[in-house]
Amino acid sequence: MDEYGEITPKEAENITRKSAVIVRRYFKMFADTSYIVAEGNTNNILYRISENLSENADSGNFKNDYT
């Protein structure tokens, strides 16, 4: 994601060697905390690093239910 700015779930599976279920779980967790954003529909979804990541981090606006 750092290299290209976006990643598909299939690419993440191949890179991490994790199952589709695990990859979806992590993408959902990161999207729920605004670290990444999902773009596209179910079959053509891309995940990108959130553009307002630094704004949210500075203001303390992150919702984190996973700690």
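Residues numbered from 1 in each chain as written. Predicted model: local features only at pLDDT ≥ 70, side-chain atom pairs only at ≥ 80, totals over all residues. Heavy atoms only, no water.

Caption draft 1: View of the sheet that holds strand 2 (residues 36–39). Spatial ordering of the open sheet is given by 1-3-2, a layout of three strands whose pairing is antiparallel. The open sheet has two edge strands, strand 1 (6–7) and strand 2, and neither has a second partner. (Pairing = 2+ DSSP bridges. Helix = DSSP H or I, 4+ residues; strand = E, 2+ residues; numbered from the N terminus.)

Caption draft 2: Examining a nonpolar patch on the surface more closely. Where nonpolar side chains cluster on the molecular surface, the patch consists of Y26, F30 and Y35 and spans about 300 Å² of accessible area. Structurally, Y35 is set in the loop between helix 2 (20–32) and strand 2. (Patch = residues over 30% accessible without salt bridge, like charges linked within 9 Å, V, L, I, M, F, W, Y side chains within 5 Å. Areas by Shrake-Rupley, 256 points an atom, 1.4 Å probe, with all protein chains shown as cover. Salt bridge = Lys/Arg side-chain N within 4 Å of Asp/Glu carboxyl O.)

Caption draft 3: Just unusual backbone geometry, in detail. The phi angle at R17 is positive, at roughly 60°, despite the residue not being glycine. Positionally, R17 belongs in the loop between helix 1 (9–16) and helix 2. Look at S34: it is not a glycine, yet its phi comes out positive at around 70°. Position of S34 relative to the elements: it lies in the loop between helix 2 and strand 2.

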